[in-house]
Amino acid sequence: MKLDGKTALITGAGSGIGRGVALALAAEGARVAICGRRLHKLDETAAEIKAVTEKNALVIQADISITEEVKKVLTAVMAEFGRLDILINNAGIFDQAPLHETSDSAWQQVMQTNLFGPFALMREALPQMRAQKSGHIINISSESGIEYYEGDTVYGLSKHALNDLEKFAQKENQEYNIRINTICPGMVVTEMSENSAGLDHSKCLFPEDIADLVLWLVTRRQNIKIGTPILIQTMLNPWE
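Only a predicted model underlies this, so the values are computations on that prediction, with no experimental measurement involved.

Parameters and conventions
- Residues numbered from 1 in each chain as written.
- Predicted model: local features only at pLDDT ≥ 70, side-chain atom pairs only at ≥ 80, totals over all residues.
- Heavy atoms only, no water.
- 1 Å grid on protein atoms, 1.4 Å probe; cavity = no way out; pocket = protein on both sides within 12 Å on 5 of 7 lines; lining within 4 Å.
- Points joined across faces, edges and corners; volume = space filled by probe spheres on them.
- Helix = DSSP H or I, 4+ residues; strand = E, 2+ residues; numbered from the N terminus.
- Nonpolar A, V, L, I, M, F, W, Y, C, P; charged D, E, K, R; others polar.
- Buried < 20%, exposed > 50% of the residue type's maximum accessible area, 1.4 Å probe, protein only.
- Contact = heavy atoms within 4.5 Å.
- Polar contact = N/O pair within 3.5 Å; in protein donor to acceptor, adjacent residues only side chain to side chain.

Caption draft 1: Representation of the layout of surface pockets within the structure. In this structure, the largest pocket encloses a volume near 1300 Å³. Lining of the largest pocket is provided by 50 residues; of these, F94, Y155, T190, M192 and S193 occupy positions nearest its centre. For the lining of the largest pocket, the secondary-structure elements that each account for two or more residues are α1 (16-27), β2 (31-36), α2 (39-53) and α5 (153-173). At 3 residues, α1 tops the list of elements feeding residues into the lining of the largest pocket. Broken down by class, the residue content of the lining of the largest pocket amounts to 19 nonpolar, 22 polar and 9 charged.

Structural data, given as structure tokens:
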């Protein structure tokens, strides 16, 4: 297995893309830590990992928008595994409103989860990765981080900024043999999106599609760097 001996941390792993990525990495041999806000959903993911791989995932209930919670997550990972090789920043929330109708609370909640959370996790993980002179960080962004959709102001802006965060982090850490990528998926069928009016599931991406891309990225030779952000879409418009 290509990830034997590697440790991976996946945020927002209770459902959707995060769960799909956690399952894929564990199936390839990685020791997996999963975190999120809903403990019962994390336990479901852990049970799936156990059923598929016969391995136990480290379950950490945490809100990555809070600094102290982020520190708790990394402390738990290091205490259990002693190292971190792969960080998947997947946790995110959505808000849809035009700029003039965006509330202070919506702005703060989206930015704190979608941008500050990945920043805080990278800030905690990078010293250890730099010390071991290896690591791979993947930020799950969005097609909204490349395009400019009406009504996506705060969500889209958080993802545009996340894309640029990767560029700064890669520049600063490349000499330490650390790779950083950003994936920008189009419409993915998840718990958040599956009941959207007019959405044709047969024309959508699924969490497994994103997991396949993540797995491909983290199993490249260490010297291979893939330009980002990486846009992954479907050929057909998923909106009927």
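Caption draft 2: Looking closely at the environment of N89. Take N89: it is sitting in strand β4 (residues 86-89). Judged by its relative accessible area of 2%, N89 falls in the buried class. The spatial distance from the C-alpha of N89 to the C-alpha of P185 is 14 Å, given a sequence separation of 96 residues. Apart from residues lying up to four places away in sequence, N89 is in contact with T11, P118, L121, M122, I137, I138, N139 and I140. Side chain to side chain, N89 and N139 meet in a polar contact 2.8 Å long.

Caption draft 3: Molecular detail of unusual backbone geometry. Here the residue pair T228 and P229 is connected by a cis peptide bond, since its omega of 5 degrees sits within 30 degrees of zero. Along the polypeptide, P229 turns up in the loop between α6 (207-218) and β7 (230-232). Notably, K133 is not glycine yet its phi reads approximately 55 degrees, a positive angle. Summarising the element assignment, K133 is placed in the loop between α4 (104-132) and β5 (135-140). The phi dihedral of N177 falls on the positive side, at around 65 degrees, and the residue is not glycine. Here N177 is to be found in the loop between α5 and β6 (178-185).

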